[in-house]
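Coordinates in review
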Amino acid sequence: MEMNTKKNIHKEVYCGSELEKIQKNNIESINSGYRNLDLELPHGSWPKSCLIEILSREESVSEIILLLPTLKKIVANNKYIVMLSPPHIPYIPTFQSFGIKEKFILVVNTNRVMEKLWVIEHSIRCNLFGGLLVWIKEPCTFEKLRKVQTLAKRSNGLNFIFRPLEAKKNPSPSPLRMTICSDKYPLLKMNIIKRRGPTKLTPITIDTSTIFSKKNTSKLKPNYDLDCIPPRNRGRNNILKKNT
């Protein structure tokens, strides 16, 4: 007896070769702002209601530079951005130059994993944020991450978690895992190591020059402008300030 297999598969079960179909069917997510990255994301954009895990070797602001177009779209919808334990202090004038208003940025600092989980849980229960950005440099077990992933399913926003590159060797419940590193300005290098769809073996090069060209510095003083410092230093001192 033949059976129409695809017709009987649950809607949340994906075939490994159907990335294109998933992209076309998703209408709720926010795209990354980079076409070549969107083409490789399982939904053609950032998936909501799940963990998006980004791993990096060095402590930098590459992940924030990557997400600037996304954050701008979030606040354009009057949604809050929650930053939990960022390694640097958000530099508000630069965020404002990208159209990200200060009143929509909430920063919470704690160095304890359990306290971070508490903040994540209550942020999701409140469900007023559009983007939750969490930095966890401490060791975190699969069980704790699974709890976060379970909580993320209840949210309507984007849930990003940033961890050290060493965590790549450990299993994770995150449906989407990526690595990121800075390259020669204005390029970033990314690798997708886990996604709902076929395996992506080649790196993705992200050109961030387009987002810097869209900055609005008309209301900022010259010392607030990223363009007044050498390209090699952009994004380090003028997007986030080092915690001291």
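Residues numbered from 1 in each chain as written. Predicted model: local features only at pLDDT ≥ 70, side-chain atom pairs only at ≥ 80, totals over all residues. Heavy atoms only, no water.

Quick look at the packing of helix α6 (residues 113-126) against helix α7 (residues 142-152)
Look at α6 against α7: their axes get within 10 Å of each other, and the N-to-C directions meet at 10 degrees. Classified by the angle their axes make, α6 and α7 are roughly parallel. Across the interface between the two elements, V113, M114, L117, I120, E121 and I124 from α6 touch K144, K147, V148, L151 and A152 from α7. In terms of residue class, the contact of α6 with α7 is made up of eight nonpolar, no polar and three charged. (Axes fitted to C-alpha atoms, helices over the stretch in contact; angles between N-to-C directions. Helix = DSSP H or I, 4+ residues; strand = E, 2+ residues; numbered from the N terminus. Parallel < 35°, antiparallel > 145°, perpendicular 65-115°, else oblique. Contact = heavy atoms within 4.5 Å. Nonpolar A, V, L, I, M, F, W, Y, C, P; charged D, E, K, R; others polar.)

Remarks on the nonpolar core
Of all hydrophobic cores here, the largest spans 39 residues; its most connected members are L37, W46, L66, I100, L133 and F160. At eight residues, the largest contribution of residues to this core is made by helix α4 (residues 62-76). In this structure L37 touches S32, W46, L66, M178, M190, I204 and I206, once residues within four positions along its chain are discounted. One finds I120, L132, L145 and L151 within the second-largest nonpolar core, a separate group that totals 17 residues. (Core = buried A, V, L, I, M, F, W, Y, C linked by side-chain atoms within 4.5 Å. Buried < 20%, exposed > 50% of the residue type's maximum accessible area, 1.4 Å probe, protein only.)

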